[in-house]
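Each chain, letter by letter, is given below.
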Amino acid sequence: MEELHDLYQELVLDHSKNPRNFKKILNCNHSAEGFNPLCGDQITVYLKLEKDLIQDISFLGSGCAISKASASLMTTALKNKTTKDAFSFFNKFVQMVRGENNQGTNLESLGKLQVFKGVKEFPVRVKCASLPWHTLLAAIEKKNGKISTE
Amino acid sequence: MKTSRLNLQEEKSVLDPEKIRKDFPILNRKIRGKPLVYLDNAATTQKPLAVIEAIHHYYSSENSNIHRGVHYLSEQATLAYEGAREKIRDFIGAKETSEIIFVRGATEGINLIAQTYGRKFIGSGDEIVISTLEHHSNIVPWQILCEQVGAKLRVIPIDDKGELLIEDLKKIINAKTKLIGITHVSNALGTIVPLKEIIKIAHEQNIPVVVDGAQAIPHLKVNVQELDADFYLFSGHKVYGPTGIGVVYGKKNFLEIMPPYQGGGDMISSVTFEKTEYNILPFKFEAGTPHIAGAIGLGVALDYLKSLDLEKVALYENELVSYALEKSSEMPDLQIIGQPLDRAGVISFNLAQLHAHDVGTVLDRHGVAIRAGHHCAMPLMKRLGLEATCRASFAVYNTKEDVDSLFKALQKTLEVLG
Ligand SMILES: Cc1ncc(COP(=O)(O)O)c(C=O)c1O
């Protein structure tokens, strides 16, 4: 059962039960909604972008512990980062949860987000973890978007 | 304690699960090093050896196309395929084999009825009635039809227990109601719908009733003539048969006036470029080479179920469901979703505040297979104010030990996610 505890680490459970930045930013200028039709996970990411700077980021939505914790930790990781940082995080994160990190990408820079390393042992849950990140990209790229994992 | 020991004795006298389990090779499998506890039978059931061998036998010694060859093998294959049709007729108590149409499954069955009967007899301003309990496959084909012909969908509501509000049905139906599409058993809650009553109400107004029997056929003794259902359909794979095969039963007088579903070979009696004569029933609805091995396998699956005695099967499965409900009442963190008076084969629940997918993941690591999600019944979930539930669904090879394993794993889930 090791891998269960690797998946549902304290940090993940904490963020799923007490999600951070779980609100709508009132003066946000970018947002996007993401769905995972398989699970019924639904999330909206709100951004306040000042040129390339993520001045504020938040989310609302419903779903499993993995998707909620992933969204929550994503928001804490990206506040006051640039969109360029966000893209780089996105790539590393998605590689990590898919278990495609064989080129030895340095995951250290992901910081706390490394808590989702265990997801790769659960292929059907990869979409849960990556949904917030796909939604984030949609929010950066469009002023108002809708995406789906399917 | 007393009641469970009583149940155990009863169970012994009803069916011998250990003997039955030997008929299902997959149950010997280990999942992640643990014995398989398969409680996702409403999604699909496992197959008995007899079915697996029948398919093997067909392909290794009878394979041929049907209804066309003059040669020996074709004759054998045709006999086996038509023999399966007769078994199905007998199993559901239909009057004639010409009323049994082979399709891919329940989904195709409903689409067939919508696109043939529906396209011809339902028009602009007409109404089609379904219920809140329906699986998406008994919603979307009717929505598509409504869009095509300009008809309107009406929905019979349910109460908080998950029972249909029959009084509301009486208010919903009117002169414009042209069809009722209703499930026999809810795949998400296990509710057994009072079909006879609904059909009686409908027939008083001359409204035909299409019954989605996908979740009823594995658990209940169904007689379409006693029910007086106009159409009844189900999937083979949910009743111990192969995937890719299912059945539409239709009363002959309806099937005769319906246009064909798909065009092609086998569904014609003569073709010229000017005009095509359609074949007689049931072949009018079976264009192209069908899933011959699937039909044969389904026939054998129904033989198997019949050999166990359907009434005993129903009793035994009820025992399991009652046992699970009893155990759940000892677990304060577990909330049963839906309390229908009559229930078949299914229990939906949520654990504490946990999301069903997380519960499903942890159970899986303990070798326990359940379904987690909206069960293709999103409108029902919305009505219940839920995103998802966990669903344990039972088959004849499940045991009380399986139920015990489920609850042990649920306890572990609380430890991991609590
Ligand atoms: C009540 C009900 N109807 C219809 C279906 C659709 O069956 P199939 O996917 O085999 O066509 C299902 C299967 O989940 C079901 O539970």
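Everything numeric here is computed off the predicted structure, so don't read it as measured data.

### Points about the domain arrangement of chain B
All names here are of chain B. Taken domain by domain, chain B consists of domain 1 (2-31 + 309-417) and domain 2 (51-307). Taken together, the 36 residues of domain 1 in the interface contact 30 residues of domain 2. Of the roughly 2700 Å² buried at the junction of domain 1 and domain 2 (both faces included), carbon and sulfur atoms supply 60%. For domain 1, the biggest contributors to the area lost against domain 2 are L310, L380 and R383; these three give 24% of the whole. If you look at where domain 1 meets domain 2, you find 1 salt bridge. In this structure, the salt-bridge partner of R383 is D160, at a minimum N-O distance of 2.9 Å. Our enumeration of links across domain 1 and domain 2 arrives at 18 residue pairs in polar contact (both at pLDDT 80 or more). Mapped by element, the contributors of at least two residues to the side of domain 1 that touches domain 2 are α12 (310-329), β14 (346-351) and α14 (378-384).

### Thoughts on the pairing of strand β5 (residues 127-131) of chain B
Residue and element names in this part refer to chain B. The buried count for β5 comes to 5 of 5 residues, which makes it a mostly enclosed element. Residues E127, V129 and S131 of β5 are buried on one face, and the alternating residues I128 and I130, pointing to the opposite face, are buried as well. Of the strand pairs in this sheet, β5 and strand β6 (residues 152-156) are connected by 5 bridges, and their pairing is parallel. Its bridge partner lying in β6, E127 is registered against K152. You can see the chain leave β5, run along helix α6 (residues 140-149) and come back into β6, and the turn it takes is right-handed.

### A look at the environment of A395 of chain B
For A395 of chain B, the location among the structural elements is in the loop between β17 (389-393) and α15 (400-417). C-alpha separation for the pair A395 of chain B and G105 of chain B, spaced 290 residues apart in sequence, amounts to 19 Å.

### Here we look at the sheet that holds strand β13 (residues 334-337) of chain B
All names here are of chain B. As summarised here, the arrangement of the 4 strands in space is β13-β14-β17-β16, forming an open sheet in which the pairing is antiparallel. A strand with exactly one partner marks an edge of an open sheet, and here the two such strands are β13 and β16 (371-373). Shown here is a sheet whose adjacent strand axes are inclined to one another by a mean of 35°, direction ignored. Here β16 runs beside β17; their pairing, made up of 3 bridges, is antiparallel. Bridging from a neighbouring strand, R371 pairs with R391 of β17. Where α12 meets the sheet, it contacts β13 and β14, and its direction lies at approximately 15° from that of β14.

### Topic: the pattern of salt bridges
All names here are of chain B. One pass over the structure, following the stated rule, counts 25 salt bridges over all chains. Note that D402 is salt-bridged to R21, the shortest N-O span being 3.6 Å. Taken together, the residues D402 in helix α15 and R21 in helix α2 (residues 17-22) connect sequence positions 381 residues apart. Exposure remark for D402: the relative accessible area of 6% places this residue in the buried category. What emerges from the salt-bridge pattern is a single network uniting E82, R85 and E286.

### A few points about the site of the ligand
All names here are of chain B. Neighbouring residues of the ligand: A106, T107, H135, S137, T183, N187, D212, A214, Q215, S235, H237 and K238. Note that an oxygen atom of the ligand is positioned 2.7 Å from one of the side-chain N or O atoms of Q215. A distance of 2.6 Å separates an oxygen atom of the ligand from a polar atom in the side chain of S235. For the ligand, the protein covers 84% of the area, taking 400 Å² as the surface of the free molecule. Classifying every residue of the shell around the ligand by side-chain character gives 2 nonpolar, 8 polar and 2 charged.

Reading guide: rules and limits
- Residues numbered from 1 in each chain as written.
- Chains lettered and ligands numbered in written order.
- Predicted model: local features only at pLDDT ≥ 70, side-chain atom pairs only at ≥ 80, totals over all residues.
- Heavy atoms only, no water.
- Domains from an automatic or database assignment.
- Contact = heavy atoms within 4.5 Å.
- Buried area = accessible area lost by both parts, 1.4 Å probe.
- Salt bridge = Lys/Arg side-chain N within 4 Å of Asp/Glu carboxyl O.
- Polar contact = N/O pair within 3.5 Å; in protein donor to acceptor, adjacent residues only side chain to side chain.
- Helix = DSSP H or I, 4+ residues; strand = E, 2+ residues; numbered from the N terminus.
- Buried < 20%, exposed > 50% of the residue type's maximum accessible area, 1.4 Å probe, protein only.
- Pairing = 2+ DSSP bridges.
- Right-handed = clockwise from strand over helix to strand, strands pointing away.
- Axes fitted to C-alpha atoms, helices over the stretch in contact; angles between N-to-C directions.
- Near = heavy atom within 4 Å.
- Areas by Shrake-Rupley, 256 points an atom, 1.4 Å probe, with all protein chains shown as cover.
- Nonpolar A, V, L, I, M, F, W, Y, C, P; charged D, E, K, R; others polar.

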